[in-house]
Protein chains: 2
Amino acid sequence: MTSSDVTAAAGRIAPHVIRTPVLRHDVLDDWAGCRVVAKAEHLQGAGAFKLRGATNAVLLLDEVTAARGVAAHSSGNHGAALALAGSRRGVPVTVVMPADAPEVKKRAVAGYGATIMECAPWLAARESTLAEVVATTGATEIHPYDNPDVIAGAGTAALELVDQAPDLDVVMAPVGGGGLISGTSLASHGIDHRIRVIGAEPERADDAARSLAAGTLIPQTAPDTMADGLRTALSARTFSIISAHVERIITISEDEIVAALRLCWDELGWRIEPSAAVAIAALRHPGVGGDVGVILTGGNVPRDGRW
Amino acid sequence: MTSSDVTAAAGRIAPHVIRTPVLRHDVLDDWAGCRVVAKAEHLQGAGAFKLRGATNAVLLLDEVTAARGVAAHSSGNHGAALALAGSRRGVPVTVVMPADAPEVKKRAVAGYGATIMECAPWLAARESTLAEVVATTGATEIHPYDNPDVIAGAGTAALELVDQAPDLDVVMAPVGGGGLISGTSLASHGIDHRIRVIGAEPERADDAARSLAAGTLIPQTAPDTMADGLRTALSARTFSIISAHVERIITISEDEIVAALRLCWDELGWRIEPSAAVAIAALRHPGVGGDVGVILTGGNVPRDGRW
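Owing to the predicted nature of the structure, the values given are computational and were not obtained by experimental measurement.

Conventions used here
Residue numbering note: each chain is counted from 1, following its sequence as written. Each chain takes a letter, starting from A, and each ligand takes a number, starting from 1, following the order in which they are written. Since the coordinates come from a predicted model, pLDDT governs what is reported: local features require at least 70, and pairs of side-chain atoms require 80 or more to be given and counted, while whole-chain, interface and lining totals use all residues. With hydrogens and water set aside, each side-chain value is computed from the structure's full complement of heavy atoms. A fitted line through C-alpha atoms serves as each axis, taken over the contacting stretch for helices, and the angle formed by two N-to-C directions is quoted from 0 to 180°. In DSSP terms, a helix is any run of H or I states spanning at least four residues, a strand is any run of E spanning at least two, and both are numbered starting from the N terminus. Each angle gets one of four labels, with under 35 degrees taken as roughly parallel, over 145 as roughly antiparallel, 65 to 115 as roughly perpendicular, and the rest as oblique. A crossing counts as left-handed when the near helix is turned anticlockwise from the far one by less than a right angle, and as right-handed when that turn is clockwise. Any pair of residues with heavy atoms lying within 4.5 Å of one another is described as a contacting pair. Residue polarity is assigned by list, with Asp, Glu, Lys and Arg as charged and Ala, Val, Leu, Ile, Met, Phe, Trp, Tyr, Cys and Pro as nonpolar; anything else, Gly included, falls into the polar class. Type-normalised accessible area, obtained with a 1.4 Å probe on protein chains alone, sets the label of each residue: buried when under 20%, exposed when over 50%, and partly exposed for intermediate values. Here, the arc refers to the directions that run from the helix axis to the C-beta atoms. Between any two strands, at least two bridges found by DSSP are needed for them to pair. Note on definitions: the grid is 1 Å and covers protein atoms alone; a cavity is a set of points where a 1.4 Å probe fits but cannot get out; a pocket is an open set with protein on both sides within 12 Å along at least five of seven lines; lining residues have an atom within 4 Å of a point. Grid points are joined across faces, edges and corners, and a volume is the space filled by probe spheres set on the points. A domain assignment, automatic or from a database, supplies the domain bounds used here. Look down the strands so they point away from you; if going from the first strand over the helix to the second traces a clockwise path, that crossover is right-handed. Put simply, buried area is the surface a 1.4 Å probe can reach on two separate parts but cannot reach once they are joined, added for both. By definition here, a salt bridge exists when the distance from a side-chain nitrogen of Lys or Arg to a carboxyl oxygen of Asp or Glu is within 4 Å.

Participant: Explain the packing of helix H3 (residues 50–59) of chain A against helix H5 (residues 77–89) of chain A here, please?
Facilitator: Packed helix pairs are specified by the crossing angle of their axes together with the interaxial distance, meaning the distance between the axes. Residues and elements named next belong to chain A. Where H3 meets H5, the axes come as close as 8 Å, and the angle between the chain directions of the two elements is 45°. Considered as vectors, H3 and H5 are oriented oblique to each other. Here H3 runs over H5; the crossing is right-handed. Contacts between H3 and H5 involve Lys-50, Leu-51, Ala-54, Thr-55, Val-58 and Leu-59 from the former and Asn-77, His-78, Ala-81, Leu-82, Leu-84, Ala-85, Gly-86, Arg-88 and Arg-89 from the latter.

Participant: I keep staring at the packing of H5 of chain A against helix H6 (residues 103–111) of chain A and nothing clicks. Help me out?
Facilitator: Residues and elements named next belong to chain A. Closest axis-to-axis distance for the H5/H6 pair is 8 Å, and the angle between their directions is 15°. Relative to H6, H5 is oriented roughly parallel. At the point where H5 passes H6, the crossing takes the left-handed sense. Across from Asn-77, Gly-79, Ala-80 and Ala-83 in H5, the residues of H6 making contact are Lys-105, Ala-108 and Val-109. A class-by-class count of the residues in the contact of H5 with H6 yields 4 nonpolar, 2 polar and 1 charged.

Participant: How should I be thinking about the environment of Ile-181 of chain B in this particular structure?
Facilitator: Positionally, Ile-181 of chain B belongs in helix H9 (residues 179–191). Along the backbone, Ile-181 of chain B and Ile-198 of chain B are 17 residues apart, and their C-alpha atoms lie at a distance of 8.3 Å.

Participant: Please clarify how helix H11 (residues 236–245) of chain B should be interpreted in this entry.
Facilitator: Along an α-helix, residues three or four apart share an orientation, since each turn contains 3.6 residues. Residue and element names in this part refer to chain B. Looking only at H11, the buried set comprises Thr-238, Phe-239, Ile-241 and Ile-242. Along the axis of H11, the buried positions cluster into a sector of 165°, meaning they face one direction only. Opposite the packed face of H11, turned more than 90 degrees from it, sit the exposed residues Ala-236 and Ala-244. Where H11 is buried, its residues meet helix H8 (148–164), H9 and helix H10 (207–214).

Participant: Whenever I open this one, the sheet that holds strand S4 (residues 93–98) of chain B confuses me. Can you help?
Facilitator: In sheet architecture, strand pairing relies on hydrogen bonds along the backbone and comes in two forms, parallel and antiparallel. Residues and elements named next belong to chain B. A sheet is described by the order of its strands in space; here 4 strands give the open sequence S5-S4-S3-S6, paired in parallel fashion. Strands at the two margins of the open sheet, each flanked by one partner only, are strand S5 (115–119) and strand S6 (140–141). As judged from the 2 bridges shared by strand S3 (residues 70–73) and S6, these two strands associate in the parallel manner. When the bridges of S6 are listed, Ala-71 appears paired with Glu-141. Lying over the sheet, helix H7 (residues 123–137) contacts S3, S4, S5 and S6, oriented at roughly 170° with respect to S3.

Participant: Help me understand the layout of surface pockets in this model?
Facilitator: One way to see where empty space is left: roll a probe the size of a water molecule over the atoms. Residues and elements named next belong to chain A. The space that makes up the second largest pocket amounts to roughly 1400 Å³. Lining the second largest pocket are 50 residues, with Ser-75, Asp-228, Gly-229, Arg-231 and Thr-232 sitting closest to its centre. Elements supplying a minimum of two residues to the lining of the second largest pocket: H5, H6, helix H7 (123–137), helix H8 (148–164), helix H9 (179–191) and helix H13 (274–282). Taken together, the residues of the lining of the second largest pocket sort by class into 25 nonpolar, 17 polar and 8 charged. Residues lining the lining of the second largest pocket come from more than one domain, with at least three contributed by each of domain 1 (3–49 + 147–296) and domain 2 (51–141).

Participant: How should the pairing of S4 of chain B be read in this particular structure?
Facilitator: Along a regular strand, successive side chains alternate from one face of the sheet to the other. All names here are of chain B. Extensive coverage of S4 is indicated by the burial of 6 of its 6 residues. Alternating positions in S4 separate into two faces, Val-93, Val-95 and Met-97 on one and Thr-94, Val-96 and Pro-98 on the other, with burial throughout. Pairing analysis gives 4 bridges linking S3 to S4, with the strands arranged parallel. Paired with Val-70 across the bridge in S4 is Val-93. With respect to chirality, the unit in which S3 leads through helix H5 (residues 77–89) into the neighbouring parallel S4 is right-handed. In this sheet, S5 lies alongside S4 in parallel orientation, the contact comprising 5 bridges. The residue bridging Pro-98 from the neighbouring strand is Cys-119, located in S5. Between S4 and its parallel partner S5, the chain crosses via helix H6 (residues 103–111), and the hand of that crossover is right-handed.

Participant: What exactly am I supposed to notice about the domain arrangement of chain A here?
Facilitator: The parts lose accessible area when they come together, and the size of an interface is often stated as this lost area. Residue and element names in this part refer to chain A. Looking at the assigned domains, one finds that chain A contains domain 1 (3–49 + 147–296) and domain 2 (51–141). Computed from C-alpha atoms alone, the centre-to-centre distance between domain 1 and domain 2 is 24 Å. A buried area of about 1500 Å², summed over both sides, lies between domain 1 and domain 2, and 55% of it is on carbon and sulfur atoms. Sorting the residues of domain 1 by area buried against domain 2 places Arg-12, His-16 and Ala-46 first, and these three jointly supply 36% of that buried surface.

Participant: Please clarify how the pattern of salt bridges should be interpreted in this entry.
Facilitator: A pair can form between side chains of opposite charge whenever their charged atoms are brought close. Counting across every chain of the model gives 26 salt bridges over all chains. Glu-160 of chain A is the salt-bridge partner of Lys-39 of chain A, the closest N and O atoms lying 2.7 Å from each other. With Lys-39 of chain A in strand S2 (residues 35–40) and Glu-160 of chain A in helix H8, this residue pair connects regions lying 121 residues apart in the sequence. Taken individually, Lys-39 of chain A and Glu-160 of chain A each receive the classification buried, so the pair is uniform in this respect. Asp-291 of chain B serves as the salt-bridge partner of Arg-35 of chain B, at 2.8 Å between the closest nitrogen and oxygen. Separated by 256 residues along the polypeptide, Arg-35 of chain B in strand S2 (residues 35–40) and Asp-291 of chain B in strand S10 (residues 291–296) bring together distant segments of the chain. Using a relative accessible area of 47% as the deciding quantity, one classes Arg-35 of chain B as partly exposed. Asp-291 of chain B sits in the partly exposed class, given a relative accessible area of 26%.

So this is what it looks like as structure tokens:
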């Protein structure tokens, strides 16, 4: 993949996604000790940057394939994003969700007209149920991050950010499966290879940091973080892009996530989800400075969130 | 007052307030039946447009007056805004708050370094306590809306909105004491007198609608709405500006406020307060159409808000 995949995706999805605003706040600058520009993907359709990748993937299907539908397993933002992207093209969408997924997530997926297939709440059950859906319906699986079209779509957020806030020294994003930081790094370096791309990852789901340190892909073991969007593991594809383009991965404690969430909700009025707060928390770490762009990945939290 | 007061305020406060983004969303356009551009003042410093008026008023004080401090009674956004505006100029701020004001509001005011004077939770007690503060300290009272400098500051949100989204047919804002809609109408008509300025008010606090219908100022009686920022009553000053510039006031039921809040929180990801939802609800009313700008007044709600 190259930055031109991201540029092509940007043109393709522009009519279907929100060009989200960038936000600044003195209080954040003081807290972080640098000048911060935040890309407000919590204001994106379906509440997260995930709509970009899902839309790009759905638009790239040929007519015959599209008619058979798309499918994914997801308990989170990718499912809702795929449901919305599919509904806009009139493509049938099936989302495999664990039976214990939050009601609010199920309602979002169902509200966009997708079919929900419930399964037992472990990965093997999700994968076998999804395989069954694909075998039965001929639907195309759209993986939440290990998919070049999804990665290219995710990178369009950074492409807009660098356009809205020129001359950034650093671009930061949280790391789960690595799709966002992969697209972000391709987009950023396509514009200016001197931009430092830095990832942020929970200490309790730190496979990317360990993989980058070891120089080889190390599996995620027992992720246990409140940043539920970042419990996923790198793929060979995202590890390869990250190795080439990402300067470092900063790891963040659960206490730091809570502190960043409180800052965003109570001081800035930014109602972001814990995964997004991971990148905010990383702003304070040594070595981050100058003009820093950060991607606020999403805002899908229960209304009664407490931290 | 004229639109030039708003223009002057805009230049004065620009370094001290956020030029908030404007937001659009297909889902809102479909719901409202018109093209909507929303001015995101819930992302303003201190969480509401109130920072604009408070900042303008504080900056206009001469050195000697400023040194004696400013004071207001407020259980809501004006108190926090004045506290923040004062702290930035190093002006002592006293906010008179009812003893039963929410802890989160008290913390915000105290967090910006203001002195809180508690009083009994009725208007007479607030006013007498404030009068005492003013008499004792020589502080200048900054009224939350019956003050030309505050009105001019409030109008700067609309000035930015009309700049960010040219060619609006309608500009809408909620109406409480009438400061925001006064400034909004002056700003809008200063740019293009053909812009239709429409207010939105809770049915259960409808003194502006009744006053406009009667052609004379009718007192607010027993306001009882969840839109706590809109329980205040017009002053002679705001009634006079509204009479000259505002086409009509649409009244909104409590059920409509709840429906608009749910749309904003659950579908759009806009975490606004009930007062802001009043103007969103008004978008669906007959006679509102074309390109419509609406001011989202604030986002100061408890994290565990339920509706």
